[in-house]
Each structure stands twice: as structure tokens, then as C-alpha cells.
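The lines below spell out each chain.
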Amino acid sequence: MARSSTRPTSRDVAHAAGVSQAAVSLVLGDKWRGRVSEPTAERVRQAARDLGYRPNLAARNLRLGRTRTVLLVVPALTTEFFAGVYTGAARVAAEHGFGVVLYPSPEGIGPARDPFASAQAALDGVIASSMAADALTDIRGDQLPLVMLDSDPAGSLGAATVNLDIADGVRQVTEHLLGLGHRRVLHLAADVPSWTFEIRARELAARMAAVPGTEVRTARAPISIDGARTATEAALTAPGPRPTAIVCDDDKLAAGAYKALRRLGLRIPDDISVTGLDDLALATAIDPELTTVRLDAELFGEHGMRALLAVLEGHSPDNGDIPVQLVVRGSTAPPPAP
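Per an unreviewed UniProt entry, the protein chain is named LacI family transcriptional regulator, and its organism is Streptomyces achromogenes.

Asks: Can you lay out the overall build of the protein chain for me, pointing to particular residues and giving the numbers?
Replies: If you tally the helices and strands in the protein chain, you get 13 helices and 11 strands. Counting all 338 residues of the protein chain, 47% fall into the buried class. Summed over its atoms, the accessible surface of the protein chain is roughly 16,500 Å², and 51% of this surface lies on carbon and sulfur atoms.

Asks: How would you sum up the packing of aromatic side chains? Please name residues and give values.
Replies: Throughout the structure, instances matching the rule amount to 2 aromatic pairs. Pairing Phe81 with Phe82 gives two aromatic rings, centres 5.2 Å apart and planes at 85 degrees, and the pair type is edge-to-face. On the basis of relative accessibility, which here comes to 10%, the residue Phe82 falls in the buried class. Ring geometry for Phe81 against Phe300: centres 6.3 Å apart, planes inclined by 45 degrees, an arrangement best described as tilted. Highlighted residues: Phe81 in helix 5 (residues 81–95) and Phe300 in helix 13 (residues 297–312), separated in sequence by 219 residues. Here Phe81 falls in the buried class, since its relative accessible area comes to 8%. The class of Phe300 is buried, set by a relative accessible area of 1%. One aromatic cluster is present, built from ring pairs that chain together Phe81, Phe82 and Phe300.

Asks: Any details on the nonpolar core? Residues and values, ideally.
Replies: Counting residues in hydrophobic clusters, the biggest one holds 42 residues, and the most contacted among them are Phe81, Val85, Leu164, Leu295, Phe300 and Met305. When residues in this core are grouped by element, the largest group, 7 residues, is from helix 13. Residue contacts for Phe300: discarding those within four places in its chain leaves Phe81, Val85, Leu149, Asp150, Val162, Asn163, Leu164 and Ile322. If you look at the next biggest cluster of nonpolar residues, it comprises 25 residues, including Leu188, Leu253, Leu266 and Ile272.

Asks: Just give me the short version of the pattern of salt bridges, but keep the residues and values in it.
Replies: For the coordinates displayed, the defined rule picks out 15 salt bridges. For Arg49, the salt bridge goes to Glu42, with nearest N and O atoms at 2.9 Å. Glu302 is the salt-bridge partner of Arg306, the closest N and O atoms lying 3.8 Å from each other. In this pair, Arg306 and Glu302 both sit in helix 13, 4 residues apart, roughly one turn of the helix. Residue Arg306 is classed as partly exposed on the basis of its relative accessible area, which comes to 43%. Linked by salt bridges that have partners in common, Glu38, Glu42, Arg45 and Arg49 make up one network.

Asks: Describe the sheet that holds strand 5 (residues 160–162), and please don't skip the residues or the numbers.
Replies: Strands sit in the order 2-1-3-4-5 across an open sheet of 5 strands; the sheet is parallel. This sheet does not close on itself; its edge strands, each paired only once, are strand 2 (99–105) and strand 5. This sheet shows a mean twist of 20 degrees between the axes of neighbouring strands, independent of strand direction. As judged from the 7 bridges shared by strand 1 (residues 69–75) and strand 2, these two strands associate in the parallel manner. For Val74, the partnering residue across the bridge sits in strand 2 and is Pro104.

Asks: Kindly report on the side chain of Asp150, identifying the contributing residues and their values.
Replies: For Asp150, the position within the fold is in the loop between strand 4 (146–149) and strand 5. Buried within the structure, Asp150 lacks any salt-bridge partner; its nearest side chain of opposite charge belongs to Arg200, at an N-O separation of 4.6 Å. Residues contacting Asp150, with those up to four places away along its chain left out, are Ser130, Val162, Asn163, Leu164, Ile166, Trp195, Thr196 and Phe300.

Analysis parameters
Residues numbered from 1 in each chain as written. Predicted model: local features only at pLDDT ≥ 70, side-chain atom pairs only at ≥ 80, totals over all residues. Heavy atoms only, no water. Helix = DSSP H or I, 4+ residues; strand = E, 2+ residues; numbered from the N terminus. Buried < 20%, exposed > 50% of the residue type's maximum accessible area, 1.4 Å probe, protein only. Areas by Shrake-Rupley, 256 points an atom, 1.4 Å probe, with all protein chains shown as cover. Phe/Tyr/Trp six-rings, centres within 6.5 Å; stacked < 30°, edge-to-face > 60°. Core = buried A, V, L, I, M, F, W, Y, C linked by side-chain atoms within 4.5 Å. Contact = heavy atoms within 4.5 Å. Salt bridge = Lys/Arg side-chain N within 4 Å of Asp/Glu carboxyl O. Pairing = 2+ DSSP bridges. Axes fitted to C-alpha atoms, helices over the stretch in contact; angles between N-to-C directions. Lys, Arg positive; Asp, Glu negative; His and termini not counted.

Written out as C-alpha cells, the structure is:
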């Protein structure tokens, strides 16, 4: 007998196996144990094979309210850091049958238009950087299961937060510079209203204040090489004793500081030391190579995705910040003799 060209349905499988459609759903959804006998389960599987039946996963996911799609909201992709976060998140997502859609919030022009007609219908959950939190309202991502990255656990919008141990990274930088003998530091701070940068400023100030005779000056700059160059030149040509070290909120700011120091005729690290934070590829492309704090972006993304999976399953995600590591290179040395 010729097989019908019509796609077989679960009703056809049920009829062929002599069971109810509910039993077919239990067996093919692998939820039959204790509810359907082993011989019946095998009869259903055999009927499905004979008919060439394949469950309609898209329809099943819609019925369950699950699309197995997650949105990752990040700032504009101006460095490879958030590409690494995406790689880590997508790797864990794939292991669990999920896909990740990347949503970069454009810099300087506000959030992009909602890429979904209805985020709640198209997505199971959202992972968002605190640096792109404004975009969440526009895409209604704050109405979905949400995990925040680099966000204050006490005031987070999300059901969970995942953080790198930025405070410890700044502590490692500060102890390294103090150990070399530096007492006057310029903090080249990212001019971005984000918790992660507030933590950097707070920790640096606290660690320096604990040592008598220290001074921290702050210069703010947008996260761009030109912005950092301009801010550094202004700070170092201002009246008063010159700092002997510059602590930058990220590696891109440090690259801008390098340009400013060369314009001013200052040598790194002979006249002034410089540190970064991120350990981007840029850190070893500049000369001398940059002393910085290594942040594992892929691990960050993996932890974010695992936290969201836990939230979706009704579990509590693992606690604890992700460790970071100071990498000492050629941009730091003891301060010049008075």
C-alpha cells in the first residue's frame, strides 16, 4: 500500500499502536516510566518508526511557552570582550538545546529597535550586561526571566546576577603598584554610569586610602582611545605633582593613555607606569605590553547561561564571583627617583 503524502500525526501513531494520544506524548517525550508499560512504550516507538513520524518540536515548544531561544543584550561590540561572552553563553546553550541571539545596544544613539514583534512570545529568557540595561525596557526584556551580568546583586532587575570579581582585580592592581613604591595615582575612569565602574573607583580609593601618604586623582573619559588620550593629557598638564602611575578602567583607555604619554615625552614605565583591566588582544599589541587584569569573557558567558538555565528550571543559580588574575607585563615599574 502506498504511503500517504500527508505528514503523519500523533493521532496516526496512537491509532497504529492502539493507545491514546496522551500515551504517545508520554512515550515520545520520554516521560512514560511508571505511567506506561515497557511493551506499550516499545509498541508506540515502533509505530512512530513505521509511519516515519517526527514530533513537531516548534508546535510543542509554543504549547509549552518555550522557544529555546535566549537573548544576550550587550553594549556596542567595540572590543572582543563581549564577543567572548557570547561564545561562552552559546556553547553552554547548545549543550542544552538552546540558541542565543546577540543584541548589541548601539553606542551613542540609544537602544536599537525591538528585533522581535513580541519578545515574550519569541524568547525564553534574557542575559544582559548592566552596561546595556537601558535597552531592556525598550525590548521588554525585563518582563522575561532575566540574568544580569556585572550588576549590583542588591539592586538588580534580574532573577540572578553573575559577576566577575572586579573588586579583587582592582585590589591586585593597587597592591602591585603600592608594592613597587607608587603613592600618587591617576585613575583614568570610564565615563559610563555602570555599577561595574563604580566598583573600580570605590575599591581603588579604599585601597589607596589605607596607606598613609597616598593620593588618587580622577580623570573621566569615554571608552575610546581618543577620549582617553585627551583626558590623560589634560590631567597630566594640570598644576600639582605629577602622578607616577595611571590606573585605567579598561585596556582601551590604557591605549589612549599611552598615546598621551608619548605626546608629552614621557616614557613607560621609566617615567610613569600604566595598568589596564580586561586583558584584550590590545594589551600585548602595544609597546611596552600592558600590565592588566585578565577577565575570562567566555567563562563569564558560560556562567551567565548556566544561571539562566537554573532560573528557567526553578533552581537557585550557583553563587560566587568569577576569579580574575593580574598579569604583570612591561608597563609597570618602580616610580622614578624624586
